[in-house]
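Understanding the architecture of this molecule
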Amino acid sequence: MTWIELADGVLARRHAELDLTTGLVLGAERALVIDTRGDREQGAELAAAVRAVTALPVTVVLTHAHFDHCFGTTAFLPAPVLAHPGCRHALERTAAGQRERWVTHYRSEGHESTAAALEATEPVPPDPAPASVDLCGREVVLLAPGPGHTDHDLAVHVPDVGVLFAGDLLESGAPPDYEDAHPLAWADAVAALLALDAGTYVPGHGHPMTPAQARAQHGELAAVAALARAVAVGELDEAEAEARSPHPGVPWA
């Protein structure tokens, strides 16, 4: 678990668990934390790591409602917690099921301490994110580019240094996860991020990406969208689409 300095006052933190990547943006009077990890103990570890960098008061931004990105938020309270409005609704619908599923997974893998921490964790309902957050001397733009990895993805753009935190709209080192995805629209959401012409794209998992790497993944997502459209109009069946897809696990129906 290490901080990577991407630009002056903009850092990404890499975590071994699920290859997660979180973020920290520093302004003159406030700091912004991007995602909070997967349970209260992981969140506390991240909060301590943030405090080792800065004593500034923080605001938390959640990129989406999957547990590994947002269940650690209690460690940052009473900080403001912001997300796409759909994130709060998704947590209301899915938090209990996510917790049950992943507690079972961790226990099956012999990770009892992680299972117990997650079992004891309650997510924090976020408030709707504004279009931007003023950190005093640095404005950070919060962008909802449309459905993609979920129906409520939120990206975080630091325009003065050209760094964009994409959440799980981008994935480095592994294929994107389509469990709650919108395959027909995902490429369009990433295209909106690429139009911002950032110099560094930070995925929700894996190492930061160059613009070329982000564009390459956009091309794969566009290929998936074309296959999904072909399935929708009956030009391909699902087995043929899966065989041609650059990514596994796409919900073709």
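Quick note: structure is the one above.
Residues numbered from 1 in each chain as written. Predicted model: local features only at pLDDT ≥ 70, side-chain atom pairs only at ≥ 80, totals over all residues. Heavy atoms only, no water.

1. A few points about unusual backbone geometry
Here is the rule we go by: For helices the rule is a DSSP run of H or I covering at least 4 residues; for strands it is a run of E covering at least 2, with both sets numbered from the N terminus onward. Note on exposure labels: buried denotes an accessible area under 20% of the residue type's maximum, exposed denotes more than 50%, and partly exposed covers the range between, all computed with a 1.4 Å probe on protein chains only.
Between L77 and P78 the backbone carries a cis peptide bond, its omega angle lying at 15°. Here the phi dihedral of C136 falls at roughly 75°; this positive angle occurs in a residue that is not glycine. With respect to the secondary-structure elements, C136 resides in the loop between β8 (132-134) and β9 (139-143). Residue C136 is classed as partly exposed on the basis of its relative accessible area, which comes to 29%.

2. With respect to the environment of P248
What counts, and what does not: In this description, contact between two residues means that some pair of their heavy atoms is separated by no more than 4.5 Å.
Mapping P248 onto the fold places it in the segment after α7 (238-244). The class for P248 is partly exposed, based on a relative accessible area of 46%. P248 sits 37 residues away from P211 along the chain, and the two C-alpha atoms are 23 Å apart. Ignoring anything within four residues of it in the chain, the contact list for P248 reads P175, Y178 and E242.

3. Quick notes on the sheet that holds strand β10 (residues 155-158)
Two pairing modes exist for strands in a sheet, parallel and antiparallel, and in both the strands are linked by backbone hydrogen bonds. We apply this condition: In this description, strands pair whenever DSSP reports at least two bridges between them. All axes here are fitted lines through C-alpha atoms, helices being fitted over the stretch that makes contact, and every angle between N-to-C directions spans 0 to 180 degrees.
Pairing is mixed across the open sheet formed by five strands, whose spatial order is β8-β9-β10-β11-β12. Looking along the sheet, the strands with just one partner apiece sit at the ends: β8 and β12 (200-203). Within the sheet, the average angular offset between the axes of one strand and its neighbour, ignoring direction, is 20°. Strand direction decides the pairing type here: β8 and β9, joined by three bridges, are antiparallel. Its bridge partner lying in β9, S132 is registered against V141.

4. Details of the packing of aromatic side chains
Threshold: Any two of the Phe, Tyr and Trp rings considered here, Trp counted by its six-membered ring, make a pair once their centres fall within 6.5 Å; the pair's planes then place it as stacked at under 30 degrees, edge-to-face at over 60, or tilted in between.
The final tally for this structure, using the stated rule, is four aromatic pairs. Here the aromatic rings of W102 and Y106 are separated by 5.8 Å at their centres, their planes lie at 50°, and the arrangement is tilted. Of the two residues, W102 and Y106 are both situated in helix α3 (residues 85-108); the distance of four residues between them amounts to about one turn of the helix. In this structure W102 comes out as buried when scored by relative accessible area, which is 18%. Accessibility expressed as a relative area gives 3% for Y106, which makes it buried. Put simply, the rings of F67, F71, W102 and Y106 pair up and form one aromatic cluster.

5. Structural notes on the state of the cysteines
To keep it simple, the criterion reads: Two cysteine sulfur atoms make up a disulfide if the distance between them is within 2.5 Å.
Inspection of the entire model under this criterion finds zero disulfides. Its sulfur unpaired, C70 is 5.5 Å from the next cysteine sulfur, which belongs to C87.

6. With respect to the packing of helix α5 (residues 183-194) against helix α6 (residues 211-232)
Heads up, the rule is: By the definition adopted for this analysis, an angle is roughly parallel if under 35 degrees, roughly antiparallel if over 145, roughly perpendicular if from 65 to 115, and oblique otherwise. Rotating anticlockwise by less than a right angle from the far helix to the near helix defines a left-handed crossing, while the corresponding clockwise rotation defines a right-handed one. Each residue gets one of three labels, nonpolar for Ala, Val, Leu, Ile, Met, Phe, Trp, Tyr, Cys and Pro, charged for Asp, Glu, Lys and Arg, and polar for the others, Gly among them.
Two numbers describe how α5 lies on α6: the axes approach to 7 Å, and their chain directions differ by 155°. Taken together, α5 and α6 sit at an angle that is classed as roughly antiparallel. Handedness of the crossing formed by α5 with α6: left-handed. Contacts between α5 and α6 involve P183, L184, W186, A187, V190, A191 and L194 from the former and A214, R215, H218, L221, A222, V224, A225, A228 and R229 from the latter. Per-class residue counts for the contact of α5 with α6 are 13 nonpolar, one polar and two charged.

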